[in-house]
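Inside the fold
Each chain is listed here by its residues.
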Amino acid sequence: MLGLAADRLRADTNRLLAFLFHQGILDEQFLQLQQLEDETSPNFVSEVVNIYFHESEKLLRNLRSLLMDKEFSDYNKMGIHLNQFMGSSSSIGAKRIRNVCVAFRAASEQNNRAGCLRALELLEHEYCFLKNKLHELFQIQQQRALAAAVRYPMQN
């Protein structure tokens, strides 16, 4: 019975990853990140991604704060935040977020406040979607690890 559950969880993982790649949400950099995970660091990817989420939320707050300031004019500062966001998104394979950052940066380089506000809304939406899907992926992977531990208990 446990074998069937493990097979179902493996299939769920593969389906979710296929969806994320097919939709352009993730790219091959995410696969490279996964290859760095091993027995000595079984939670490497989730730890890296959680750091990314923590830092991204600060960047999103900073971007929103800049744009909500009625006297805002420092598009260079916005560009710095966007470059950080693009770099960290690229490093975990968050392709769609990186692409939104590129469009956001183009609007900021044109001092286009309305374009920046639209891009920020889209960025926040894409970020939430990615966060939810990766949390779902990590939950499935955690269930797989638990099922494997029950199926193959450690021998003393």
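In what follows, the accompanying structure is described. (Residues numbered from 1 in each chain as written. Predicted model: local features only at pLDDT ≥ 70, side-chain atom pairs only at ≥ 80, totals over all residues. Heavy atoms only, no water.)

**A word on the overall build of the chain**
Scanning the chain from N- to C-terminus turns up six helices and zero strands. Relative to its length of 156 residues, the chain is extended, with a C-alpha radius of gyration of 19 Å against a globular reference of 15 Å. Within the chain, the fraction of its 156 residues that count as buried is 37%. Of the contacts made within the chain by residues no fewer than 6 positions apart, 67% connect residues no fewer than 24 positions apart. Of the charged side chains in the chain, 18 are positive and 18 negative; the average position of the first set lies 4 Å away from that of the second. (Helix = DSSP H or I, 4+ residues; strand = E, 2+ residues; numbered from the N terminus. Rg over C-alpha atoms; globule rule 2.2 N^0.38 Å. Buried < 20%, exposed > 50% of the residue type's maximum accessible area, 1.4 Å probe, protein only. Contact = heavy atoms within 4.5 Å. Lys, Arg positive; Asp, Glu negative; His and termini not counted. Charge placed at Lys NZ, Arg CZ, Asp CG, Glu CD.)

**Some remarks on the packing of helix α4 (residues 75-92) against helix α5 (residues 95-109)**
Packing of α4 against α5 brings their axes to within 9 Å, and their N-to-C directions diverge by 165 degrees. Taken together, α4 and α5 sit at an angle that is classed as roughly antiparallel. Between α4 and α5 lies a crossing of left-handed hand. Counted together, Y75, M78, L82, N83, F85, M86, S89 and S90 of α4 and I97, R98, C101, V102, F104, R105 and S108 of α5 form the full contact between these two elements. When the residues that make up the contact of α4 with α5 are grouped by side-chain class, the tally is nine nonpolar, four polar and two charged. (Axes fitted to C-alpha atoms, helices over the stretch in contact; angles between N-to-C directions. Parallel < 35°, antiparallel > 145°, perpendicular 65-115°, else oblique. Left-handed = near helix turned anticlockwise from the far one by under 90°. Nonpolar A, V, L, I, M, F, W, Y, C, P; charged D, E, K, R; others polar.)

**Observations regarding α4**
Count 3.6 residues to each turn of an α-helix, and residues three or four apart come out pointing the same way. The terminal C-alpha atoms of α4, which comprises 18 residues, lie 26 Å apart, in line with the 26 Å expected from a rise of 1.5 Å per residue. Those residues of α4 that fall on the buried side of the exposure criterion are Y75, M78, G79, H81, L82, F85, M86, S89 and I92. For α4, the angular spread of buried residues about the axis comes to 165 degrees, placing them on one side. Counted as exposed and oriented over 90 degrees from the buried face of α4: N76 and I80. (Expected span 1.5 Å × (residues − 1). Arc of directions from axis to C-beta.)

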